[in-house]
Amino acid sequence: MSIRIDQIKIRPENDSREALLSEAARRLHISEKDITDLSVVKKSIDARKKPDVFLLYQLAVSVRVNEQKLLKNHHIKNISIYQKKTYKLKTGLSLNGRKRPVIVGLGPAGLFAGLVLAEAGLEPLIIERGKPAAERREDVEHFFRTGVLKPDSNVQFGEGGAGTFSDGKLNTGVHDKNGRNHFVLETFVKYGAPSEILFEAKPHIGTDRLIEVVSEIRKAIIEKGGEVRFNTKMTELCVAGGQITGVKTDKETIDTDTVILAIGHSARDTFRTLYEEKIPMTSKQFAMGFRIEHPQSFINESQYGKKAASYLPAAPYKLAYSKGERGVYSFCMCPGGYVVNASSEPGHLAVNGMSNYGRDSANANSAIVVAVGAGEYDLNDPLGAIEYQRSIEKKAYDLCNGKIPQQLYGDFKADKESSSFGDFESLTKGEHSFANLRGIYSPEIEQAFLTGMEEFDKRIHGFTRYDAILSGVESRTSSPVRIPRDETFQSVVRGLYPCGEGAGYAGGITSAAIDGIKVAEAVINEL
């Protein structure tokens, strides 16, 4: 048993284990020698009263003295008993003649569902339309250089899913009492991620490291009895009497009565196939907009103050404004990153943001997106949102013949095409060219975007600087559809388990991984 100490403040220039040990002893009114162990539970940056900036720690300490006596000391604030949440995997099971479960998709949801099932002894078969991460990286880099797109191996499709070619952000709003969140982080660390993701308030791995990590998790699944087939695309679900009986792929028919559908938010052709097969689904609201770039040094000074900006890591930001039904917010903010051509369909263009682990490029970028829904497509048409997405991405592609269309924010306001960058240049993965982005979205969405930007400028002064760079379009913020499931995590088609971001139940790497774990638990209970 340990004691948790909250709200320990350390100045960044004094950050060290010795400083934490000294402050912990002072807070507990004991000698440093009475502390037998100290670990960081959580670490964040407190810049609310800049230029007075602190590192804010939550610590777990073991002591020689009686913990209960310390807790009864009313002069000590912000301490409590600490018990680490431990997620316990089920092991030692077997199929006992049952058909092995099939997982469609090897993004975070499919990856962690596969790991949990393999650990349990249920020998999952995972099919993935794309390639292993290392080969996928070669295809993506070739696309960035040449513009030649491989529809099944790109920023959206392949081992690791869309999050692999992003910032690798692992923060989530999911509150899980069973320790699944920490299990996800521990698993990433076990297979190569940096250990600080276990306690950083806003953990990230970075694309450069995440590619290797997801590959190692896949190898572990195989070592534990699972199987992964790449370049294998699901073409049809086999259903009889309201029950899954198999999966057809572009190579064979797989006999199974359990399918975890973890296809990701960009599998538009698969959504259409499911719709035509009468799998229940609904369209849902999501958000679309542009990606914006600023100098990272400008964001650092705004968030930390000039002095602290010189030695603290690249600063993120999070912004939101809502008036009526048109919420506007930042999404997938990438400190020290790049704007990425994230297209996955020929003749259509979408962008995303990407950072490596070091977050060491000169620019910050983030999506600034506006809520879309009933005003843009028929919510009663399950494929309506997808078709709206496609129409916007087609406009973006046509503007510059497949290159990322860009415009200075000041020129966007003035409704004129840009001709040159201002005090800094764009950092992209993929070719880019100037265009006028006005007219891609409706006047109502454009006005909501502009209003949101002006509100954000009140919080980060200079956010609307003339030479801030817009890139179009940010259209893949979340799945445009939801595939309903019941309390057993199954569709009305029994044996079909909609899962993760593509099915409408997650919104990032960690939440998708957690959903994959929950669905795997449901499969274990059923089997």
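Values in this document were obtained by computation on a predicted structure and should not be read as measured data. (Residues numbered from 1 in each chain as written. Predicted model: local features only at pLDDT ≥ 70, side-chain atom pairs only at ≥ 80, totals over all residues. Heavy atoms only, no water.)

A. Region of the structure containing the pattern of salt bridges. Evaluated as defined, the whole model comprises 42 salt bridges. Among the salt bridges present, the one from Arg218 reaches Glu159, with a minimum N-O distance of 2.7 Å. Here the residue Arg218 occupies a position in helix H6 (residues 207–223), and Glu159 occupies one in the loop between helix H4 (133–146) and helix H5 (180–190), the gap between them amounting to 59 residues. Relative accessible area serves as the criterion here: at 13%, Arg218 is assigned to the buried category. We classify Glu159 as buried; its relative accessible area is 0%. Residues Glu236 and Lys248 are paired through a salt bridge, measuring 3.9 Å at the closest nitrogen-oxygen approach. (Salt bridge = Lys/Arg side-chain N within 4 Å of Asp/Glu carboxyl O. Helix = DSSP H or I, 4+ residues; strand = E, 2+ residues; numbered from the N terminus. Buried < 20%, exposed > 50% of the residue type's maximum accessible area, 1.4 Å probe, protein only.)

B. Broad picture of helix H1 (residues 17–28). End to end, H1 covers 16 Å across 12 residues, agreeing with the expected 16 Å (1.5 Å per residue, within 8%). Every buried residue of H1 is listed here: Ala19, Leu20, Glu23, Ala24, Ala25, Arg27 and Leu28. Residues of H1 that are buried make contact with strand E1 (2–10), strand E2 (35–49), strand E3 (52–63), helix H2 (67–71) and strand E4 (79–82). (Expected span 1.5 Å × (residues − 1). Contact = heavy atoms within 4.5 Å.)

C. View of the sheet that holds strand E17 (residues 351–354). Spatially, the three strands line up as an open sheet ordered E17-E16-E20, and their pairing is mixed. Each end of this open sheet is capped by a strand with a single partner; those strands are E17 and strand E20 (428–429). As paired strands, strand E16 (residues 338–341) and E20 are joined by two bridges and run parallel to one another. Paired with Val340 across the bridge in E20 is Lys429. (Pairing = 2+ DSSP bridges.)

D. A look at the environment of Thr235. For Thr235, the position within the fold is in strand E8 (residues 234–240). Spatially, the C-alpha atom of Thr235 lies 25 Å from that of Ala522, the residues being 287 residues apart in sequence. Apart from the residues within four sequence positions on either side, Thr235 is in contact with Lys248, Thr249, Asp250 and Thr273.

E. Expanded view of the sheet that holds strand E6 (residues 125–127). On the basis of which strands lie adjacent, the open sheet formed by five strands has the order E7-E6-E5-E11-E24 and parallel pairing. The two strands at the open ends of the sheet, each matched to only one other strand, are strand E7 (227–229) and strand E24 (496–498). On average, each strand axis in the sheet is inclined to that of its neighbour by 20 degrees, with strand direction left out of account. In this sheet, E6 lies alongside strand E5 (residues 102–104) in parallel orientation, the contact comprising three bridges. Bridge pairing in E6 links Ile103 to Ile126. Helix H3 (residues 108–120) contacts E5, E6 and strand E11 (259–261) of the sheet and is inclined by roughly 165 degrees relative to E5. (Axes fitted to C-alpha atoms, helices over the stretch in contact; angles between N-to-C directions.)

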